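# Commentary on secondary and tertiary structure
These are the residues of each chain, in order.
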Amino acid sequence: MESIASTISNALRKFINKAYVEEEDVQELVRELQRALLKADVPVDLVLKFSETVKSKVKQKIPGISTRELAVNTVYEELTKLIGENPAEIKIATKPSKWLFVGIQGYGKTTTVAKVAYYYKKLGYSVCVVCTDTYRPAAFDQLKQLLKDQDIPVFGSEFEKNPIKIFTNAMKEIEEKNLNPDLILIDTAGRHKDEENLIRELQELVREINPEAVFLVLDASIGQRARTQAEAFNKVAKVGYIILTKMDSSAKGGGALAAVSVTNAKVAFVGTGEKISDLEKFVPIEYASNLLGMPDLKSIIKKVSETINIDRAKQISSGKFTIEDFVFQLNDLFKSDLYSTVLKMIPGADKLPRNLKEVTEEKAKIWLSIVNSMNKEERQDSSIINSSRIRRIARGSGRSEKEVKELLEQYEKSKKMVKRMRGYRGLFPIDKEIGRS
Ligand code: GDP
Ligand code: MG
């Protein structure tokens, strides 16, 4: 599994580090991504759709934004679309809210029920748990064991063989004891003599319980089987959420995408260990990085996209790089607290004029106030700024003439550098060498 991760990672890095990106390079990148996603268990149809979209979007060409940047962004955007752009929000609308947990035996259902109970208890909800698994010996014991010391009531029976009876008895007891819980979590059997019986039993349970939410528990390593299983369970009870267990293993959980696509459910949590505290909210961004095997993907994308100002990029790509562009870009960078990070990330930034690397946020602000005192003509063509204009601008901005001259000088240097760069998109030639480590 490890090698898959590094394959994608290498493909992306290789692509990012290319001096100039051709159509063929995009094709090759997409092929590598396809191969890697398939190996990570992402379903074929989704992989195809994904790669077609990436290809066509990358062809689109936004002036001033390099193919490389566009490709990295698109790959990421499309991946998060597959996964779901936002973490699932679980509504708790009724009291008590009954949540039913379904899934094949051995995937971690019972453990997950205990984890979710613990999770919501810690958030301040009052939680009860019911074990209706009459198939697995000691299922009830297992749940009690997991939740001992947690002050979470667990209901079930060692003798009763009818899950509906177990459930109705539990409800009666909850009422008699005046527990008044916010949440009732119901664990179910994941295996039966045969599938038909399991499905029938589940159907009856669903009818009786009328759960507010159905959680499908899936083992991260099951791959393509996720689709048929999700389909089968979804027929019995509309699956609202998916929980991926054993994400602490080497499995990338790509199969979950199949389950998501056939059920329209959202992945809510991931299990990351055997302890009841080993449950995390599902974060699509993190899942994508994991799938691609690029832990730093998130920060690369974030930085690249934050520095892209499409309007400005368009203007600049038309051949202009005005003093206004220069100063505004600098200030944009400081605004997003990116200056030093971007400089660090881009070894190519050593091509920046030496002094520019020492530009501080304060200086960028001063320059902004100076530019604001320039008239339109001067902003468009600073070569017309002679000494009397310098004096006027200095006075208008409340800065010294020396500072105005310094700005003009720095701008000229940067402009020269910018001209030398191919595929230029702004002050920072991100084209170069992101991720070369
Ligand atoms: P069920 O049959 O679906 O109810 O599955 P269980 O809850 O009994 O879990 C089966 C096995 O998987 C147990 O040994 C659990 O400790 C283990 N397990 C469950 N979730 C996780 C997880 O997120 N990570 C790891 N490493 N093990 C897990
Ligand atoms: Mg179980």
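Attention in this report is confined to the structure presented alongside it.

Reading the values: rules and limits
- Residues numbered from 1 in each chain as written.
- Chains lettered and ligands numbered in written order.
- Predicted model: local features only at pLDDT ≥ 70, side-chain atom pairs only at ≥ 80, totals over all residues.
- Heavy atoms only, no water.
- Helix = DSSP H or I, 4+ residues; strand = E, 2+ residues; numbered from the N terminus.
- Expected span 1.5 Å × (residues − 1).
- Buried < 20%, exposed > 50% of the residue type's maximum accessible area, 1.4 Å probe, protein only.
- Arc of directions from axis to C-beta.
- Contact = heavy atoms within 4.5 Å.
- Pairing = 2+ DSSP bridges.
- Right-handed = clockwise from strand over helix to strand, strands pointing away.
- Near = heavy atom within 4 Å.
- Polar contact = N/O pair within 3.5 Å; in protein donor to acceptor, adjacent residues only side chain to side chain.
- Areas by Shrake-Rupley, 256 points an atom, 1.4 Å probe, with all protein chains shown as cover.
- Nonpolar A, V, L, I, M, F, W, Y, C, P; charged D, E, K, R; others polar.
- Patch = residues over 30% accessible without salt bridge, like charges linked within 9 Å, V, L, I, M, F, W, Y side chains within 5 Å.
- Salt bridge = Lys/Arg side-chain N within 4 Å of Asp/Glu carboxyl O.
- Phe/Tyr/Trp six-rings, centres within 6.5 Å; stacked < 30°, edge-to-face > 60°.
- Lys NZ or Arg CZ within 6 Å of the ring centre and 35° of its normal.

The end-to-end C-alpha separation of helix α8 (residues 195-209) is 21 Å, in line with the 21 Å expected for 15 residues at 1.5 Å each. Every buried residue belonging to α8 is among Leu-198, Ile-199, Glu-201, Leu-202, Leu-205, Val-206 and Ile-209, and all of these are buried. Angularly, the buried residues of α8 cover 165° about the axis, an arc narrow enough to put them on a single face. Exposed and facing more than 90 degrees away from the buried side of α8 are Glu-196 and Arg-207. The inward-facing, buried residues of α8 contact β1 (97-102), α7 (163-176), β4 (183-187) and α9 (225-236). At the exit of α8 stands Asn-210, carrying a positive phi of roughly 50°.

The next point concerns the pairing of strand β7 (residues 266-271). The two faces of a sheet get side chains in turn, since along a regular strand they alternate between them. The buried count for β7 comes to five of six residues, which makes it a mostly enclosed element. In the sheet, strand β6 (residues 241-245) pairs with β7 via four bridges, with the strands oriented parallel. Counted as the bridge partner of Leu-244 is Val-270 from β7. With respect to chirality, the unit in which β6 leads through helix α10 (residues 256-263) into the neighbouring parallel β7 is right-handed.

On to the site of ligand 1, then. Close to ligand 1 lie 17 residues, the nearest being Gly-106, Lys-109, Thr-110, Thr-111 and Asp-248. Within the contact set of ligand 1, a nitrogen atom lies 2.7 Å away from a side-chain nitrogen or oxygen of Asp-248. Burial of ligand 1 by the protein chains amounts to 82% of its free accessible area of 580 Å². If one sorts the elements of the shell around ligand 1 by residue count, helix α5 (residues 109-122) sits on top with four residues. Looking at side-chain class alone, the shell around ligand 1 contains two nonpolar, nine polar and six charged residues.

Our focus in this paragraph is a nonpolar patch on the surface. Together, Leu-38, Val-44 and Leu-48 make up an exposed nonpolar region whose accessible area comes to about 250 Å². Leu-38 sits in the partly exposed class, given a relative accessible area of 37%.

The subject of this paragraph is the sheet that holds strand β5 (residues 213-219). Sheet strands pair via backbone hydrogen bonds, and the direction of the pair is either parallel or antiparallel. Taken together, the eight strands give an open sheet; going across it, the order is β3-β2-β4-β1-β5-β6-β7-β8, and neighbouring strands pair in mixed fashion. Of all strands in the sheet, those bounded by a partner on one side alone are β3 (154-155) and β8 (279-281).

Tallying each qualifying case throughout the model produces 11 aromatic pairs. Pairing Tyr-120 with Phe-269 gives two aromatic rings, centres 6.4 Å apart and planes at 90°, and the pair type is edge-to-face. Residue Tyr-120 is located in helix α5, and its partner Phe-269 is located in strand β7; the two are separated by 149 residues in the primary sequence. Accessibility assignment for this pair places Tyr-120 and Phe-269 in one class, buried. Taking 5.8 Å as the distance between ring centres and 35° as the angle between the ring planes, the aromatic pair formed by Phe-326 and Trp-367 counts as tilted. Taken as a pair, Phe-326 in helix α14 (residues 323-335) and Trp-367 in helix α16 (residues 361-372) lie far apart in primary sequence, 41 residues in all. One exposure class covers both Phe-326 and Trp-367, and it is buried. Taken together, the aromatic side chains of Trp-99, Phe-101, Tyr-119, Tyr-120, Tyr-125, Phe-215, Tyr-241 and Phe-269 make up a single cluster linked through ring pairs. The ring of Phe-140 has Lys-144 sitting right over it, with the charged end atom 4.0 Å from the ring centre.

Remember, this is a structural readout, not a statement about activity or role.
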